Amino acid sequence: MVISMRPDATEAQIEAVIRKLQELNLDSHRSTGVNRTVIGAIGDISQIDTRDFEILEGVDEVVRISAPYKLASRQFKSNNTVIKIGEVEIGGREVVVIAGPCSIEDSEQIDKIARLVAASGARILRGGAFKPRTSPYSFQGLGENGLKIMREAADKYNLAICSEIMDASQIGLMLNYVDILQVGARNMQNYTLLRSLSKLNKPVLLKRGLSATIEELLMSAEYILAGGNQEVILCERGIRTFETYTRNTMDICAIPVVQKLSHLPIIADPSHGTGIRDKVLPMARAAIAAGADGLIVEVHHDPNKAVSDGAQSLYPEQFDKLMKELEIIARAIGRTLGI
Ligand code: PEP
Ligand code: MN
């Protein structure tokens, strides 16, 4: 943290800043220039609120130069974190695709989609049993019964399972069926839930919040890491902007930005990122080209009859073609796609 004093700051004001740093067990480095004095704070500033210094007499500007997250940062761990889910590794050389319906609807539906996405090369089955719907009157998910039929289908086609957890009270139940616990965009800053997940030894797929900055996403990951759970997969799923032609604005650039800042794997969700089927395909290709460690994509055998997100769900034939294209893109950037 660097504290820049005003040109007219008095010696007493400069000393007051240094004293405050000392009270917080921070060392200081004072440098007096021609126009002004700049004070560098040395030590752990993770607990510091920069505003506490901004309000001191004579202070012009306070800039935090180190990231507020630590465990999630590349400085803390330089090599990429690879998360193992059975035989699948997320964050390694292979690009991993998670695919399936938005919601689990019935056993025939989930079996059919699991078979199709597995045949196309998906490694993990997605499907919501607890759905965060904008309206309380919309379908809310099948709950435990949904997880049960999803597990049967996944086992039949040798797939792992990723499903959303909405509340800490669902942890015990979810652990019986699910391989990756998905934290949805709406819960990215539900710190009570994140703390509960931090006590587990289970991969968590943490989606970027609807209006969250990349730093806020990494701070949420920090909650999970700080409690002891090192298995966090980040997910860019689009953010809300002033644009109306797409459901969200897919922030592809977040992928290389996160990869520079953090060692955690990051995947992309072009389905929620765009909200429209024909936009999902180019954004899926772009995300892999940009270096994403994988994708989570909604696929439905009959999207027009899907109980949720039919408009953004790919037809199985589209998904199959996409996987073949992704294989070529992955190869072009020195990665693989196990299809
Ligand atoms: C989902 O994956 O079905 C979902 C609800 O996603 P998000 O939390 O990104 O909106
Ligand atoms: Mn959905």
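Residues numbered from 1 in each chain as written. Chains lettered and ligands numbered in written order. Predicted model: local features only at pLDDT ≥ 70, side-chain atom pairs only at ≥ 80, totals over all residues. Heavy atoms only, no water.

Colleague: Looking at this structure, I do not really get the overall build of the chain. What am I missing?
Modeller: Within the chain, the secondary structure is distributed over eleven helices and 14 strands. By principal-axis analysis of the C-alpha atoms, the chain measures approximately 75 × 45 × 40 Å. For the chain, the proportion of its 339 residues judged to be buried stands at 52%. Counting contacts in the chain only where the partners sit at least 6 residues apart, residues at least 24 apart contribute 68% of the total. Per element, the accessible surface of the chain, about 15400 Å² overall, is 50% carbon and sulfur. (Helix = DSSP H or I, 4+ residues; strand = E, 2+ residues; numbered from the N terminus. Buried < 20%, exposed > 50% of the residue type's maximum accessible area, 1.4 Å probe, protein only. Contact = heavy atoms within 4.5 Å. Areas by Shrake-Rupley, 256 points an atom, 1.4 Å probe, with all protein chains shown as cover.)

Colleague: Please clarify how the pairing of strand E11 (residues 204-207) should be interpreted in this entry.
Modeller: Two faces, one strand: in a regular strand the side chains alternate between the faces of the sheet. Burial of E11 is two-sided: the residues Val-204 and Leu-206 facing one way and the residues Leu-205 and Lys-207 facing the other way are all buried. The pairing of strand E10 (residues 180-183) with E11 spans three bridges and is classified as parallel. Bridging across to E11, Val-183 finds its partner in Leu-206. Between the parallel elements E10 and E11, the chain passes through helix H6 (residues 191-198) in a crossover that is right-handed. Sheet topology note: the E11/strand E12 (residues 232-236) ladder contains four bridges and is parallel. Paired with Val-204 across the bridge in E12 is Val-232. With helix H7 (residues 214-226) bridging E11 and its parallel neighbour E12, the resulting β-α-β unit is right-handed. (Pairing = 2+ DSSP bridges. Right-handed = clockwise from strand over helix to strand, strands pointing away.)

Colleague: Explanation requested: the nonpolar core in the structure shown.
Modeller: Note that soluble globular proteins tend to have their nonpolar side chains buried in a common cluster. If you look at the biggest cluster of nonpolar residues, it comprises 70 residues, and the most contacted ones within it are Val-117, Leu-197, Leu-206, Leu-234, Phe-319 and Leu-326. Leaving out residues up to four positions away in the same chain, Leu-197 has contacts with Ile-165, Ile-171, Leu-181, Val-183, Val-204, Ile-224 and Asn-229. Ile-3, Val-17, Ile-48 and Val-62 belong to the second-largest nonpolar core, a separate cluster that totals 16 residues. (Core = buried A, V, L, I, M, F, W, Y, C linked by side-chain atoms within 4.5 Å.)

Colleague: Teacher, can you tell me more about the coordination of the manganese ion (ligand 2) here?
Modeller: Under perfect tetrahedral coordination by four donors, a metal shows angles of 109.5 degrees; under perfect octahedral coordination by six donors, it shows angles of 90 or 180 degrees. Around the manganese ion (ligand 2), the protein contributes the donor atoms Cys-102 (SG), His-272 (NE2), Glu-298 (OE) and Asp-309 (OD), at 2.0 to 2.4 Å from the metal centre. Along the chain, the residues donating to the manganese ion (ligand 2) are arranged with the sequence spacing C-x169-H-x25-E-x10-D. With His-272 in helix H9 (residues 270-274) and Glu-298 in strand E14 (residues 294-298), this pair connects stretches of sequence that are 26 residues apart. In terms of burial, His-272 and Glu-298 fall into one category: buried. (Donors = N, O, S within 2.8 Å, 3.2 Å for Na, K, Ca; no water.)

Colleague: Hey, could you run me through the layout of surface pockets in this one?
Modeller: Take a probe with the size of a water molecule and roll it over the atoms, and the empty space left behind shows itself. Reported here for the largest pocket is a volume of approximately 530 Å³. As for the largest pocket, its lining consists of 19 residues, of which Ser-46, Pro-68, Tyr-69, Lys-70 and Glu-222 are closest to the centre. Examining the composition of the lining of the largest pocket, we find that four residues originate from one element, H7, more than from any other. Residue classes in the lining of the largest pocket are distributed as eight nonpolar, six polar and five charged. Taken together, domain 1 (2-63) and domain 2 (83-337) each give at least three residues to the lining of the largest pocket, which thus spans both. Residue lining of the second largest pocket: 23 residues in total, with Pro-132, Arg-186, Arg-247, His-272 and Asp-309 positioned closest to the centre. Residues of the lining of the second largest pocket, tallied by class, amount to four nonpolar, eight polar and eleven charged. (1 Å grid on protein atoms, 1.4 Å probe; cavity = no way out; pocket = protein on both sides within 12 Å on 5 of 7 lines; lining within 4 Å. Points joined across faces, edges and corners; volume = space filled by probe spheres on them. Nonpolar A, V, L, I, M, F, W, Y, C, P; charged D, E, K, R; others polar. Domains from an automatic or database assignment.)

Colleague: It is not clear to me how the packing of aromatic side chains should be interpreted in this structure. Could you clarify?
Modeller: Two aromatic rings, taken as a pair, are described by how far apart their centres are and by the angle between their planes. Under the criterion given, the structure shown has one aromatic pair. Over the ring of Phe-53 we find Lys-20, and its NZ or CZ is 5.9 Å from the ring centre. (Phe/Tyr/Trp six-rings, centres within 6.5 Å; stacked < 30°, edge-to-face > 60°. Lys NZ or Arg CZ within 6 Å of the ring centre and 35° of its normal.)

Colleague: Before we go on, may I ask you to explain the domain arrangement of the chain in this structure?
Modeller: By a widely used convention, the size of an interface equals the accessible area lost when the partners come together. Considered domain by domain, the chain is made up of domain 1 (2-63) and domain 2 (83-337). A C-alpha centroid distance of 44 Å is found between domain 1 and domain 2.

Colleague: Where do I start with empty space enclosed by the protein in this structure?
Modeller: Tallied over the full model, the rule gives one cavity of 30 Å³ or more. Along the walls of the largest cavity sit Cys-102, Arg-126, Gly-127, Gly-128, Lys-131, Cys-162, Ser-163, Glu-164 and Gln-182, which together make up its complete lining. The leading source of residues in the lining of the largest cavity is strand E9 (residues 160-164), at three residues.

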